Amino acid sequence: MKSQILITILLLFCRINAAPIFNESKNEPNDILIELSQAIRIINAHYTSVFLIKEAKLAVINRDLIAASKLQEKVDLLILKDQIQEEIHHLRIANLNDVSKIRYLKGLQIIKILYEKVLSLDHHFASVRTFNEISKIANPNQYPEYDKLKELLTNKRDKKSAFELTSLLGTNTIASVIQTLTSMVSSSLSKEEKEKELGKVECILDFTLRMQNDLNTIFFETAFLQTSNDKIKHDIEILFREYTKPIGYNATLENCRTNDDWEDITQKMEDYLTKMKNTSGSTQYKMQVNLDFPVDRLLQFISQYNYFIDQGGKFYEKFSIILNSYENEKQCETKLPLEYKKLKADINVAIEKFNVAYKPVEINGTKMKEILYGLNEFEKVE
């Protein structure tokens, strides 16, 4: 009777624990891992208490078997022993199922949170100024002051020896600057006028010529990060499909998110566990493997996500160093484009996001065992 009460309490705990499984107050995978660890510890502790009661009864039966002298008494004790051993067997299966359930649902919650982070990163890369601003601040032809100088030199040039760059070379920074300086030397401007006009664009020319390659590096590496994030997004959608396939849920991750369909997944999980409980042998084992394998896939994805976030953070730290490396920044501070300052601010915000909002999931050896096997370091190993 006492053991039945404990089992009832345990099952009630599992139902309560699964009900708020998608509570929005928990929005970090590391919080979910802490909950998982606590839940596994409580589940195993409850079952351990039941096992101890059963094993104590077995010890009494074994002692009585030794002392029994009548055949019928021995038979009755052996039958009772078989019953208790069968109960222990079913309890171990129930223990495994309850741990699998909480691991599966908590894993699903982690997928949901990571998907939101990936979508946020997708939005970040889509809206970052880098793509639009690099071309503006890396090419002197984009600056009004430089256009005015070129127009002035066109009017002051020697008509006989002057030439125009082709449309292709006209957009090339080096070719454009060479032509401008050459035109200035050969123009009819006085020495004082040449120095005055050059002084108006010296910061622009110095900045663009020194920083163009570095700015292009930021452009291409940001494009690489966006492509990598697209792959992460694709992979987590595939992970979700494989994760929910065993329990019979067929909608995509995007549709599940749009329709807020998480409760339906939980119900299908309950139905799957009920079906698994009513089977036995190889069929039950296969269903258990089908439930456990997606959790292993989740761990692989977490490693992939962690690598990408760590890589992204390092990229943006490098971008910050690049943007702060312009040695004449103080001297040319008033002449530098606003886009340059905005880009620096964007990079600093991105570094903060990679360190805080998108930070890697903490998976150490102990948490790995808890997710894969439902074990924690405080449990006794038999």
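Residues numbered from 1 in each chain as written. Predicted model: local features only at pLDDT ≥ 70, side-chain atom pairs only at ≥ 80, totals over all residues. Heavy atoms only, no water.

Participant: I keep staring at the overall build of the chain and nothing clicks. Help me out?
Facilitator: Helix and strand content of the chain: 13 helices and zero strands. In the chain, the order of α-helices and β-strands from amino to carboxyl end is α-α-α-α-α-α-α-α-α-α-α-α-α. The burial tally for the chain puts 41% of its 382 residues in the buried class. Partitioning the intrachain contacts of the chain with sequence separation of at least 6 by distance along the chain shows that 79% fall at a separation of at least 24. Carbon and sulfur atoms form 55% of the exposed surface of the chain, whose accessible area is close to 21300 Å². (Helix = DSSP H or I, 4+ residues; strand = E, 2+ residues; numbered from the N terminus. Buried < 20%, exposed > 50% of the residue type's maximum accessible area, 1.4 Å probe, protein only. Contact = heavy atoms within 4.5 Å. Areas by Shrake-Rupley, 256 points an atom, 1.4 Å probe, with all protein chains shown as cover.)

Participant: In this structure, what is going on with the environment of Leu 121? I would like to understand it.
Facilitator: Relative to the elements of secondary structure, Leu 121 occurs in helix α3 (residues 71-127). The class of Leu 121 is buried, set by a relative accessible area of 0%. For the pair Leu 121 and Ala 357, spaced 236 residues apart in the sequence, the C-alpha separation amounts to 9.8 Å.

Participant: Explain the packing of aromatic side chains to me, please; I cannot follow it from the model alone.
Facilitator: Aromatic ring pairs are reported here in terms of the distance separating the ring centres and the angle at which the planes meet. Overall, the coordinates contain twelve aromatic pairs when judged by the stated rule. Relative to Tyr 340, the ring of Phe 207 lies with its centre 5.0 Å away and its plane at 75°, an arrangement referred to as edge-to-face. Taken together, the residues Phe 207 in helix α8 (residues 191-244) and Tyr 340 in helix α12 (residues 338-355) connect sequence positions 133 residues apart. Its relative accessible area of 1% is what places Phe 207 among the buried residues. On the basis of an interplanar angle of 75° and a centroid distance of 6.2 Å, the ring pair of Phe 315 and Phe 319 is categorised as edge-to-face. Linking Phe 315 with Phe 319, this pair stays in helix α11 (residues 281-323), spanning four residues, or about one helical turn. An aromatic cluster is defined as three or more aromatic residues linked by ring pairs; in this entry it consists of Phe 224, Phe 315, Tyr 316, Phe 319, Phe 354 and Tyr 358. Across from the ring centre of Phe 51, 4.6 Å away, lies the NZ or CZ of Arg 92, which sits over that ring. When the ring centre of Phe 315 is taken as origin, the NZ or CZ atom of Lys 318, which lies over that ring, is 5.2 Å away. (Phe/Tyr/Trp six-rings, centres within 6.5 Å; stacked < 30°, edge-to-face > 60°. Lys NZ or Arg CZ within 6 Å of the ring centre and 35° of its normal.)

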